[in-house]
Amino acid sequence: MAGSGGLGGGAGCSQGAGASPGAALRAPRAPLLLAALVLGAYCFCTVPGRCPPAARVPAPAPAPAVRPSAAGSPEAPVLPVASGPGRQRLPQALIVGVKKGGTRALLEFLRLHPDVRALGIEPHFFDRWYERGLTWYRSLMPPTLDGQITMEKTPSYFVTLEAPSRIYSMSPDMKLIVVVRDPVTRAISDYAQMLSKTPSLPSFRALAFRHGLGPVDTAWSAVRIGLYAQHLDRWLRYFPLSRFLFVSGERLVSDPAGEVGRVQDFLGLKRVVTDKHFYFNATKGFPCLKKAQGSSRPRCLGKSKGRPHPRVPEAVVQRLRDFYQPFNQKFYQMTGQDFGWD
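This section reports on the structure supplied with the text. Note that the coordinates shown come from a computational prediction; the quantities given were computed from them, not determined experimentally. (Residues numbered from 1 in each chain as written. Predicted model: local features only at pLDDT ≥ 70, side-chain atom pairs only at ≥ 80, totals over all residues. Heavy atoms only, no water.)

### Some points on helix α11 (residues 256-266)
Since the α-helix packs 3.6 residues into each turn, any two residues three or four apart lie on the same face. Counting buried residues along α11, eight of its 11 residues qualify, which places the element largely inside the surrounding structure. As for α11, its buried residues are in contact with α3 (103-110), β4 (175-180), β5 (244-248), α10 (249-254), β6 (278-281) and β7 (286-289). Downstream of α11 by one or two residues, G268 has phi in the positive range, about 75°. (Buried < 20%, exposed > 50% of the residue type's maximum accessible area, 1.4 Å probe, protein only. Helix = DSSP H or I, 4+ residues; strand = E, 2+ residues; numbered from the N terminus. Contact = heavy atoms within 4.5 Å.)

Following this line, the structure appears as structure tokens:
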């Protein structure tokens, strides 16, 4: 039994040994066959149109277009987004006029004061964008801390029929600043700006008068703006004279510290902006701000300020002076100030 067991064991081994050569030949066939099938499938699918297209990962959908805000829409002025400490408030003071009177200079001078926060761009809320509402208007204002004054300037307000009532509806206690200038010089300056944008304009004389040196054309905006007494009369239906400060555009050039001092007093501010902040730029014929701390150079207004005026015949200038003289006298009486234009 043991021997048969031994024989049996030997016979088993013998069969295994006898089967080894065939197994050795057959064993690799399975992996080889699998590899051949994979390779064949790959080659088959490389022929165009033979395999179904692979599923594609869908491209990300484009981001939805952001609807422009009121301040950034094509119709509205593009204004900076206000940021910083404090909170946004409606203005307590407005520079309402007049165009080419020196409003930009005054605003830049006032912005030196630490208690004045002013919008740098003209928002034109009370003449162009009033339908957008006070919430939109307030959203344009720079944030202020308690004790600081929020301001903006839009010189066209002074000649806009609806502006006084609209401003009064927002704040009957509004402080109103009007920078005025010799209306003849102002009209020529206004024309110079128009001419820089439209060189093909007719002459100043042709626009200011009808039929040569006939009647003055008060329909022309450059002439109409200088009728200060007429515009002020409309404002005084809503605001008492005590709510106004009239700044001389001429003295803003010859004595900027003095005029800015009057404005600081009117706003209830300490006189921080003084003559130490200014120097006269002979090239521009205009005062500039001395360099601020940390700045490498002084700061003057842009190149559009102080541009040379076109030559206007003396006869035209004198006719305009005669025309404005009674309006100027009435304006002096209304304001209690003689601006010396006559």
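Still more to cover.
### Description of the packing of aromatic side chains
Evaluated as defined, the whole model comprises 28 aromatic pairs. Its end group placed over the ring of W136, R132 keeps NZ or CZ at 5.5 Å from the ring centre. Taking the ring centre of F266 as reference, the NZ or CZ of K175 above it sits at 5.7 Å. (Phe/Tyr/Trp six-rings, centres within 6.5 Å; stacked < 30°, edge-to-face > 60°. Lys NZ or Arg CZ within 6 Å of the ring centre and 35° of its normal.)

### Focus on the packing of helix α9 (residues 228-235) against helix α12 (residues 314-335)
In a packed pair of helices, the relevant descriptors are the angle between the two axes and the axis-to-axis distance. Look at α9 against α12: their axes get within 8 Å of each other, and the N-to-C directions meet at 35°. Of the residues in α12, those touching α9 at Y228, A229, Q230, L232 and D233 are F327, K330, F331, M334 and T335. Split by residue class, the contact of α9 with α12 holds six nonpolar, two polar and two charged. (Axes fitted to C-alpha atoms, helices over the stretch in contact; angles between N-to-C directions. Nonpolar A, V, L, I, M, F, W, Y, C, P; charged D, E, K, R; others polar.)

### Regarding the sheet that holds strand β2 (residues 116-118)
Pairing in this open sheet of five strands is parallel, and the strands run β2-β3-β1-β4-β5 from one edge to the other. Edge positions in the sheet fall to β2 and β5, since each of these pairs with one other strand and no more. Sheet twist, expressed as the mean angle between neighbouring strand axes with direction ignored, is 25°. Two strands pair when backbone bridges link them, and strand β1 (residues 93-97) and β4 are joined in this way by four bridges, in the parallel orientation. (Pairing = 2+ DSSP bridges.)

### A few points about unusual backbone geometry
Put simply, G97 and V98 share a cis peptide bond, and its omega is -10°. Among the secondary structure elements, V98 is positioned in the loop between β1 and α3. One non-glycine residue, H211, adopts positive backbone phi at about 60°. Topologically, H211 is positioned in the loop between α7 (204-208) and α8 (221-224).

### With respect to the state of the cysteines
Evaluation of the coordinates by the stated rule reveals one disulfide. With a sulfur-sulfur separation of 1.9 Å, C288 is cross-linked through a disulfide to C300. Note on the C288 and C300 pair: the S-S dihedral is about 110°, so by sign convention the disulfide is right-handed. Of this pair, C288 sits in strand β7 while C300 sits in the loop between β7 and α12, and the two are 12 residues apart along the sequence. C288 gets classed as buried once you look at its relative accessible area, which sits at 1%. (Disulfide = S-S within 2.5 Å.)

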